[in-house]
Amino acid sequence: MTEKERMLAGKLYIANDEELARMNLKKTKLLRQFNNCDDYNERKALIKQLMGRIGETFNIEPPLRMDYGCNTYIGNNFYANCELIILDVARVFIGDNVFIGPRVSIFTAGHPLDSKVRNTNLEFGKEIKIGNNVWIGGQTVINPGVKIGNDVVIGSGSVVTKDIPDGVVAVGNPCKVLRKITSEDSKYWEKLAKEYEEE
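These notes cover the structure that comes with them. (Residues numbered from 1 in each chain as written. Predicted model: local features only at pLDDT ≥ 70, side-chain atom pairs only at ≥ 80, totals over all residues. Heavy atoms only, no water.)

What to know about the nonpolar core
As a reminder, the rule being used: Only buried residues count toward a nonpolar core. Its members are Ala, Val, Leu, Ile, Met, Phe, Trp, Tyr and Cys residues joined through side-chain atoms within 4.5 Å. Relative accessibility thresholds used throughout: buried, under 20% of the residue-type maximum; exposed, over 50%; partly exposed, between the two (1.4 Å probe, protein chains only). When checking whether two residues touch, look at their non-hydrogen atoms; a contact exists if any pair is within 4.5 Å.
Ranked by internal contacts, the top residues of the largest apolar core, which has 37 residues, are Ile60, Phe78, Ile106 and Ile130. Aside from chain neighbours lying at most four places away, what touches phenylalanine 78 is Thr57, Phe58, Asn59, Ile60, Leu84, Ile94, Val98 and Ile100. With seven residues, the next largest nonpolar core counts Met7, Tyr13, Tyr68 and Val89 among its residues.

If you want it as structure tokens, here you go:
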């Protein structure tokens, strides 16, 4: 197996490989252009070159930081505020209608606990999956291997270390389910939205 194949399979690998270096250089050039670009349409075109996949409707505020970019797959109607970090040594899957606050970090990368092994530069990655209709509050950290369900709100400043089920508000360090999102929540917000439309 190549180092890239090992990386994507979640096995130990070494990142200073020629193929991975080429991928990293491509990402660096595209991100430099994106982060210094004032034209919205040009930024969209650069993101489409960078990502593994992204839906038609999206807005990512610069600056953006990524390990590779090509290992990240994002659905439609995506918004990320400034200073999003995605360390995508493993694949990151993000669904439709996902909104991400400022300074959110999505880390698939991990390192061995044993210092002797870690000092050989071996590392690994674990996939992250984020469902549809998710709102992630600012300064949240999502750790390797985590799955976040559909219709979830993650409170600001959370550190997500374990899977989060569908339809909940979760918050904290470590992030825990606070409560379910109920039909009462829907009624409340639909009422406010209706009042907005009528004003």
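A few points about the pairing of strand S20 (residues 176-180)
Successive residues of a regular strand alternate their side chains across the two faces of the sheet. Using the following cut-off: By definition, any uninterrupted DSSP run of H or I lasting at least four residues is a helix, any uninterrupted run of E lasting at least two residues is a strand, and each is numbered from the N terminus. Note on pairing: two strands pair once DSSP finds at least 2 bridges between them.
Burial within S20 is sparse, with just zero of its five residues counted as buried. If you look at the hairpin formed by strand S19 (residues 168-171) and S20, you'll find four residues sitting between the two strands, and glycine 172 has a positive phi there, around 115°.

Comments concerning a nonpolar patch on the surface
Defined as follows: Exposure above 30% relative accessible area and the absence of a salt bridge qualify a residue for a patch, where like charges join within 9 Å and nonpolar side chains (Val, Leu, Ile, Met, Phe, Trp, Tyr) within 5 Å. Where accessible areas are quoted, they stem from the Shrake-Rupley method and a 1.4 Å probe; at the residue level, only the protein chains shown are allowed to cover. Salt bridges are defined as contacts in which a side-chain nitrogen from Lys or Arg sits within 4 Å of a carboxyl oxygen from Asp or Glu.
On the surface, Tyr188, Trp189 and Leu192 cluster together into a nonpolar patch covering about 350 Å² of accessible area. Inspection of the secondary structure puts tyrosine 188 in helix H5 (residues 183-198).

Describing the side chain of serine 158
As a reminder of what qualifies: Contacts described as polar in this section are N or O atom pairs within 3.5 Å, which, within protein, must combine one atom able to donate a hydrogen with one able to accept it, while residues neighboring in sequence count only if both atoms come from side chains.
With respect to the helices and strands, the residue serine 158 is situated in the loop between strand S17 (153-154) and strand S18 (159-160). Given a relative accessible area of 1%, serine 158 falls into the buried group. There is a polar contact of 2.7 Å between the side chain of serine 158 and the backbone oxygen of glycine 155.

Brief notes about the pattern of salt bridges
Following the criterion strictly, the structure yields six salt bridges and no others. Note that glutamate 83 is salt-bridged to arginine 103, the shortest N-O span being 3.0 Å. Highlighted residues: glutamate 83 in the loop between strand S6 (78-80) and strand S7 (84-87) and arginine 103 in the loop between strand S9 (99-100) and strand S10 (105-107), separated in sequence by 20 residues. According to the relative accessible area criterion, glutamate 83 is partly exposed, its value standing at 31%. For arginine 103, a relative accessible area of 44% corresponds to the partly exposed category. With a shortest N-O distance of 2.9 Å, lysine 191 and glutamate 195 are connected by a salt bridge. Within this pair, lysine 191 and its partner glutamate 195 are both found in helix H5, separated by four residues, close to a single helical turn.

Observations concerning helix H2 (residues 18-35)
Just so we agree on the cut-off: An expected span of 1.5 Å times one less than the residue number is assigned to each helix. Within this analysis, the arc is defined by the directions that extend from the helix axis to the C-beta atoms.
Given a rise of 1.5 Å per residue, 18 residues ought to cover 26 Å, and the 26 Å separating the end C-alpha atoms of H2 matches this to within 8%. If you check which residues of H2 are buried, you get Leu20, Met23, Lys27, Leu30, Leu31, Phe34 and Asn35. Angularly, the buried residues of H2 cover 125° about the axis, an arc narrow enough to put them on a single face. Facing away from the buried surface of H2 by more than 90 degrees, the exposed residues are Glu18 and Lys26. Buried positions along H2 lie against helix H1 (3-8), strand S1 (13-14), helix H3 (40-50), strand S3 (58-60) and strand S4 (64-66). By the N-cap criterion, in which a side-chain oxygen at the helix start approaches the backbone nitrogen of a residue two or three places on, H2 is capped by aspartate 17, the distance to glutamate 19 being 3.0 Å.

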